[in-house]
Amino acid sequence: MAAIYNLFIINKSGGLIFYKDYGSAGRMDTNDSLRLASLWHSLHAISQQLSPTVECFGIELLQADTFDLHCFQSLTGTKFFVVCEPGAQHMESLLKVIYELYTDYVLKNPFYEMEMPIRCELFDIHLSQAVQKDRVVLLGR
């Protein structure tokens, strides 16, 4: 069974710019993935405003009985989050690797327009390799 169920990338205004399903039990259609991304963006923004600490960056981990949701927000406001098995390890480091791939293969692509859906073949290839490598590390525990 895969450790990662889904990967979402949300732009700073809350729009879903990338979604990848890695074999979750209940497949989501496009509307469901858009709704989930929008909901997460809103919860993340509300948590930043309601936090009693001054330097709060929003929710980084949401744990439920059947899944964990890990989030990484870049300095530009782009959010990367994965939905994974409960208790999955090393998701923070995987999110940072995904962010590095995003900066290397998406942002440096001269044909990519900011805040638009990601359609970069090199990003897809290297992302698949990173997720596969992470799965191998998880299975080898």
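So, here is what we can say about the structure in this document. (Residues numbered from 1 in each chain as written. Predicted model: local features only at pLDDT ≥ 70, side-chain atom pairs only at ≥ 80, totals over all residues. Heavy atoms only, no water.)

## Quick notes on the pattern of salt bridges
One pass over the structure, following the stated rule, counts two salt bridges. Put simply, Arg 35 and Asp 32 hold a salt bridge, and the shortest N to O gap is 2.5 Å. Within this pair, Arg 35 and its partner Asp 32 are both found in helix H1 (residues 30-50), separated by three residues, close to a single helical turn. For Arg 35, a relative accessible area of 52% gives the class exposed. By relative accessible area, which is 30% here, Asp 32 ends up partly exposed. Notably, a salt bridge pairs Lys 108 with Asp 104, separated by 3.3 Å at the nearest N-O pair. For Lys 108, a relative accessible area of 61% translates into the label exposed. (Salt bridge = Lys/Arg side-chain N within 4 Å of Asp/Glu carboxyl O. Helix = DSSP H or I, 4+ residues; strand = E, 2+ residues; numbered from the N terminus. Buried < 20%, exposed > 50% of the residue type's maximum accessible area, 1.4 Å probe, protein only.)

## Points about the side chain of Ser 47
Looking at the element boundaries, Ser 47 is found in helix H1. Using a relative accessible area of 18% as the deciding quantity, one classes Ser 47 as buried. A distance of 2.8 Å separates a polar side-chain atom of Ser 47 from the backbone oxygen of His 44. In this structure, Ser 47 is in contact with Cys 56, Gly 58 and Ile 59, ignoring residues within four places of it in sequence. (Polar contact = N/O pair within 3.5 Å; in protein donor to acceptor, adjacent residues only side chain to side chain. Contact = heavy atoms within 4.5 Å.)

## Considering the layout of surface pockets
The space that makes up the largest pocket amounts to roughly 300 Å³. The wall of the largest pocket is formed by 13 residues, among which Phe 57, Glu 60, Cys 71, Phe 72 and Gln 73 lie closest to the centre. Contributing elements (two or more residues each) for the lining of the largest pocket: strand S4 (68-73) and helix H2 (91-107). No other element matches S4, which puts four residues into the lining of the largest pocket. Its residues assigned to classes, the lining of the largest pocket shows six nonpolar, four polar and three charged. (1 Å grid on protein atoms, 1.4 Å probe; cavity = no way out; pocket = protein on both sides within 12 Å on 5 of 7 lines; lining within 4 Å. Points joined across faces, edges and corners; volume = space filled by probe spheres on them. Nonpolar A, V, L, I, M, F, W, Y, C, P; charged D, E, K, R; others polar.)

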